[in-house]
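# A structural walkthrough
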Amino acid sequence: MAHVDVAIVGVGYSKHVSKRRDVNIAELVWEAVSNCYEDAGLKPKDIDAVVTGNMPAFEGVNIPELWGAGHWGAYHKPLIRITTGGTTGGSVVHGAYYAVASGLYDTVLAIAFEKQSDGNSTMGLNTVALADAAAQFQQGVDPGFLAAFGGGAVGIAVYQAASYMKRSGCTTHHLDKVSALCRNNAALNPWSHLKQPGLTPEDVAKTVLMQYPIRFGHVCPATDGACAMIVTTGEKALKLQNKPAYILSCASCSDEAALMGISGSGTTNMDPCAQEHCKLAAKWAYELAGIKDPRREIDVAEPYAPFAHQMLMFYERLLLCDEGEAPAILDSGSMNLDGELPVCPSGGVISTNAIGASAMERVTEVALQIMGKAGDRQVKKEVHKGVAHGWGGAVNLNVVAVLSDTPRRS
Amino acid sequence: MRREVAIISYAQTPYEPDANASREMQVLRVAKAALAAAGLKQEDRYTVVTANNDYCDGRTISNMRLVEPAAAWMKNESKAEMDGAYAALYGLLRILSGDHDIALIIGESQASVYARWLPGIMMMDPTFDRQRWLLNEVSAAALQARAYMNAFGVSEEQVAGVAAKNLDNAALNPLAGNKLAGADAAKVLGSRKLYEPISEMMVAQYCDGACAMVIAAGELAEKAEKPVWIRGVGFAHDSYLTERSLEEMGSLKLAAEKAYAMAGISDPASQVDLAEVHENFAHEELMAYEALGFCGRGEGGAFFDSGATRRDGKLPVNTSGGAIGANVACATGLARIIEAAMQIRGEAGDHQVAKAKTAVATGQTGPCAQESVVFVLGGE
Amino acid sequence: MAEMEYKKETRSVEGSWPMEHWSWKFESIALIAKAREAFKEKKLLGLKCPGCGLVYFPPKPYCRCTGEPDEWVEVKQQGTITTYTFTGAWAYEGIKEEEGPAGEPMIICGVNFDGSDTLTVCILEEAKPEEVFVGMRVQLKWPEKIEGRLDDIAHAVPLKE
């Protein structure tokens, strides 16, 4: 049974800023969707199915596409909603991929967005653990301690950073360099949120220390934004684009996602930087894609890194180098826009984070690199294959997609 | 469909208003049972798709802490934030792609944990309808019931009759939480009025529960003793509540058309042996008869009166008791698929129907079934 | 890509998301309660999974192998730090006390107590931030008055071996 090739033929973004008070959810998403239709040269009537997702807590609306999707061209279409936290955008891409690869739906519109300014972001993040926190208060945990444990404004990524830095030898200077690299790249990306051309690691090192070891400059913003993508069969794609970007494979892998356990129980997730399941997801994705040596075959990577240390950590967990090698690879310049294996040429999540959308935007950015449509942020080297990654949960959900300029070899 | 995919095994918890159980343990119980019944171990390769809703579970990323109980640790796992039948749909798509051969599907929620009216209200348009606090799941359903009944002369007695049928059917389903042996229309009409014309016993009351199902293609399906083949599937999204005709179940009609086309069914009334329909309200079942092509437009009431959909009729509907017998948000549609599969395998015990070769199962999401999914199942 | 024109006239609409309406159920609390009782005897009780042998401390009713832990085993009161951070006045360099969530300086660490396969979160006392490292050995420090609360196991000190 031959594999049905799945290819991206259109990408659309809305404007991404911290507060889009000029539009409601339906209008924000329509910006991205209409740009996507235009980019693909397609209309709503050409769409066979729709996949959509966002994080339900942030806007305070349950299943927002119920009142919004008509505005996006989903009238009477098959539609499925997929929401998996920070990995939502990636999970939506997976859903769209499977819809086409199943052979049942030729052309699928994928939508991922977040409009955090509509709600209360802190509350939205807290509700990840509200139930367990309530259980722990009841059993005699000091609320002040729990708040302090939670990493304050930064969140529990501080624990992951501390552990990663120990394991890899990554220093705070490396974190500063990651931020500088990403924010400079973002300055070349018209739809990114935080553009900081000329930002230096020294500038980043001067930003306020939020909670050890993470500084303000190492953390992503909260963004309102939407992203849309159209995928279709390989056959149809060639009629629409000279150089479509094929999604060769998708894989996800999940670990227990609780640093503090559920309701006070101990968690077997002792090292938040281990991310063994990310390595598994990458392995499965590369296997399906027919990639035997990702270090040599992958030309560009968009790991999901709302925190600076994660760009290096996930570079390793995506099997692009050995454990502990990423800081040196950063130092070598290889991750730069003109390097051997550019990382986050879009600016990454650390520059733009509309949470529900950001994992899809890793995929669309790799696609644009492959299609040669990344404008000023197009990397210097020739791009044939790329890997896009999403991360979320409390600490432990990962999604991976491998893209290429040629379809999967059977 | 490019692969033959079958339901291999399933498991359901009893459905109770308050199961006095944790969400995690409920999921663990059905996940283990379904895997064991399929002869699978956790080391085997399978993908997991769960259905759950953040507003019901009171947890953002509601699938996250279910990873372990769902036997999904270190597995390729995802979610549909809709009725459980959509998780089955997504699992099916994963298998059809060829990248997976086996999928474990799980749906759950616990009405005893959340305020039953809240998730429905939060689905309404936040800029207008939510501000006025007039629309919730029940009041919206009442508006639809009135529109439908007036359009086609359907009576409250007929609607009540459906509720009574399902409550009486539920009495033969050991898992159903809402049962009333010998229920009749009068009893239903005598129950407390909520929003005219809907009275309490016409509502599929939410309760606690979880269910799981293993579907597969390839070796596991070929070796299975009693595979229940998925012959067709269809799903559709209709316009928002106040932007469509409420006289018919538009999304269900569209979904059914696609599912029937895939399954090669041109005359459902004669080719379908039984149906398990997701009816959040009794009148929805009458509307479903029409949308599913069991009778003509506007003939749902008459079709019910004919007795065809009773458990001894020629096209039994909801012999399990349907959602009125047990309604678990994010699981009800999946339970309908399971119940239909049980019928085909002859495992429905006291509520087994005589002829069960081809069955239809439906699931819905959104107020007044704004979104529907239909499965057509058949045995060998 | 098409340039979108910004609309100039918009209205914000207020609403709320009632948070008071859940009553979550846990089957772990009864198990943890038994462990909390044992604190009064200065004992740490974990629960072992019959399927894979992992020991959960504090106990948990289900395991990632889908087994159901059911064997009580004693967990040692020394352990290893697997991750940490500092918060409070130490950590908020550059933020004035009144601006940030300041409060008492704290070193928070994840401790894997010997004999268990899980992480427990503790405040490390009698140590300075620069002394803490992943792999450091620590000792549980019981409070003066043990009340059978989860707080009772929330403090540790460096282990002097």
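Residues numbered from 1 in each chain as written. Chains lettered and ligands numbered in written order. Predicted model: local features only at pLDDT ≥ 70, side-chain atom pairs only at ≥ 80, totals over all residues. Heavy atoms only, no water.

Right, let's get into the overall build of chain B. Scanning chain B from N- to C-terminus turns up 15 helices and eleven strands. Along the first, second and third principal axes, the C-alpha set of chain B runs to 55 × 45 × 35 Å. Relative to its full complement of 380 residues, chain B shows a buried share of 72%. A separation of at least 24 residues holds for 77% of the contacts in chain B among residues at least 6 apart in sequence. Accessible surface, chain B as shown: approximately 11,100 Å² in total, 50% of it carbon and sulfur. (Helix = DSSP H or I, 4+ residues; strand = E, 2+ residues; numbered from the N terminus. Buried < 20%, exposed > 50% of the residue type's maximum accessible area, 1.4 Å probe, protein only. Contact = heavy atoms within 4.5 Å. Areas by Shrake-Rupley, 256 points an atom, 1.4 Å probe, with all protein chains shown as cover.)

Among the nonpolar cores identified, the biggest contains 143 residues, and Leu109(A), Met335(A), Leu104(B) and Val214(B) are the most heavily contacted of them. Considering every element that reaches this core, the biggest residue donor is helix α1 (residues 25-40) of chain A, with nine residues. Both domains that furnish three or more residues to this core are identified here as domain 1 (5-115 + 206-223) and domain 2 (230-375) of chain B. What Val214(B) contacts, discounting residues up to four positions off in sequence, is Ala6(B), Ile7(B), Ile8(B), Ser9(B), Ala34(B), Leu35(B), Ala38(B), Leu40(B), Ile102(B), Ala103(B), Leu104(B) and Leu220(B). In terms of nonpolar packing, the next biggest core, distinct from the first, is built from 95 residues, Ala112(A), Val5(B), Ala85(B) and Ala361(B) among them. (Core = buried A, V, L, I, M, F, W, Y, C linked by side-chain atoms within 4.5 Å. Domains from an automatic or database assignment.)

All names here are of chain A. For the pair helix α8 (residues 157-168) and helix α14 (residues 308-317), the least separation of the axes is 10 Å and the interaxial angle reads 60°. As judged from the angle between their axes, α8 and α14 are oblique. Our pair here, α8 against α14, has a crossing hand that is left-handed. Residues Ala157, Gln160, Ala161, Tyr164, Arg167 and Ser168 of α8 form the contact with α14, whose own contacting residues are His309, Gln310, Leu312, Met313, Glu316 and Arg317. Considered class by class, the residues forming the contact of α8 with α14 number five nonpolar, four polar and three charged. (Axes fitted to C-alpha atoms, helices over the stretch in contact; angles between N-to-C directions. Parallel < 35°, antiparallel > 145°, perpendicular 65-115°, else oblique. Left-handed = near helix turned anticlockwise from the far one by under 90°. Nonpolar A, V, L, I, M, F, W, Y, C, P; charged D, E, K, R; others polar.)

Before going further, it helps to spend a moment on the domain arrangement of chain B. All names here are of chain B. We note that the domain assignment places domain 1 (5-115 + 206-223) and domain 2 (230-375) within chain B. Spacing between the C-alpha centres of domain 1 and domain 2 amounts to 22 Å. Opposite the 35 residues of domain 1 that make contact, domain 2 presents 30 residues. Per-residue buried area on domain 1 facing domain 2 is highest for Tyr10, Asp83 and Tyr86; these three make up 26% of the total on that side. Tallying contributions element by element places strand β1 (residues 6-12) first for the side of domain 1 that touches domain 2, with seven residues. Counted by class, the side of domain 1 that touches domain 2 contains 24 nonpolar, eight polar and three charged residues. (Buried area = accessible area lost by both parts, 1.4 Å probe.)

In this section: the interface of chain A and chain C. Much of the literature gives interface size as the accessible area that the parts lose upon coming together. The interface is formed by 53 residues belonging to chain A together with 47 residues belonging to chain C. Where chain A abuts chain C, roughly 4,500 Å² becomes buried across the two surfaces, and 63% of that area is made up of carbon and sulfur atoms. At the junction of chain A with chain C, the criterion picks out zero salt bridges. Of all the elements in the fold, those that place two or more residues in the side of chain A that touches chain C are α1, α6 (130-138), α7 (143-149), α8 and β5 (209-211) of chain A. In terms of residues, the side of chain A that touches chain C owes the most to one element, α6(A), which gives seven residues. (Salt bridge = Lys/Arg side-chain N within 4 Å of Asp/Glu carboxyl O.)

The next thing to look at is the interface of chain B and chain A. The interface of chain B with chain A comprises 60 residues on the first partner and 67 residues on the second. When chain B packs against chain A, the two sides together hide about 5,200 Å² of surface, and 58% of this comes from carbon and sulfur. There are 28 residue pairs in polar contact (both at pLDDT 80 or more) connecting chain B and chain A. Elements supplying a minimum of two residues to the side of chain B that touches chain A: α2 (54-57), β3 (76-80), α3 (84-96), β8 (228-237) and α10 (250-263) of chain B. Counting residues per element, the side of chain B that touches chain A draws most heavily on α3(B), at six residues. Considered class by class, the residues forming the side of chain B that touches chain A number 27 nonpolar, 14 polar and 19 charged. (Polar contact = N/O pair within 3.5 Å; in protein donor to acceptor, adjacent residues only side chain to side chain.)

With that settled, consider the sheet that holds strand β3 (residues 71-74) of chain C. Sheet strands line up and pair through hydrogen bonds in the backbone, either parallel or antiparallel. Taken in spatial order, the three strands line up as β2-β1-β3 (chain C) in an open sheet, and their pairing is antiparallel. Whereas interior strands pair on both sides, the edge strands pair on one side only; in this sheet they are β2 (55-56) and β3 of chain C. (Pairing = 2+ DSSP bridges.)

Here the focus is helix α16 (residues 355-371) of chain A. Helical periodicity: at 3.6 residues per turn, an α-helix aligns residues three or four positions apart in one direction. Residues and elements named next belong to chain A. Helix length check: α16 (17 residues) gives 25 Å between terminal C-alpha atoms against 24 Å at 1.5 Å per residue, within 8%. Approximately 30° is the largest bend angle found in α16, and it occurs at Glu361. Counting buried residues along α16, 17 of its 17 residues qualify, which places the element largely inside the surrounding structure. Phi for Gly372, located one or two positions after α16, is positive at around 75°. (Expected span 1.5 Å × (residues − 1). Bend = angle between axes of the 7 residues up to and from the residue.)

For the rest of this paragraph, the subject is the sheet that holds strand β10 (residues 385-392) of chain A. Residues and elements named next belong to chain A. As summarised here, the arrangement of the nine strands in space is β3-β2-β4-β7-β1-β8-β11-β10-β9, forming an open sheet in which the pairing is mixed. Strand pairing shows two members of the sheet lacking a second neighbour, β3 (79-81) and β9 (300-302), which therefore form its edges. In this sheet, neighbouring strand axes are inclined to one another by 25° on average, regardless of whether the strands run parallel or antiparallel. Of the strand pairs in this sheet, strand β2 (residues 49-53) and strand β4 (residues 108-115) are connected by five bridges, and their pairing is parallel. Residue pairing in the sheet places Thr52 in a bridge with Ile111 of β4.

For the rest of this paragraph, the subject is unusual backbone geometry. Geometrically, the link from Glu196(B) to Pro197(B) is a cis peptide bond, its omega value of 5° lying close to zero. Position of Pro197(B) among the secondary structure elements: in the loop between β5 (193-195) and β6 (198-199). In the segment running from Phe57(C) into Pro58(C), the intervening peptide bond is cis, with an omega of -10°. For Pro58(C), the position within the fold is in the loop between β2 and β3.

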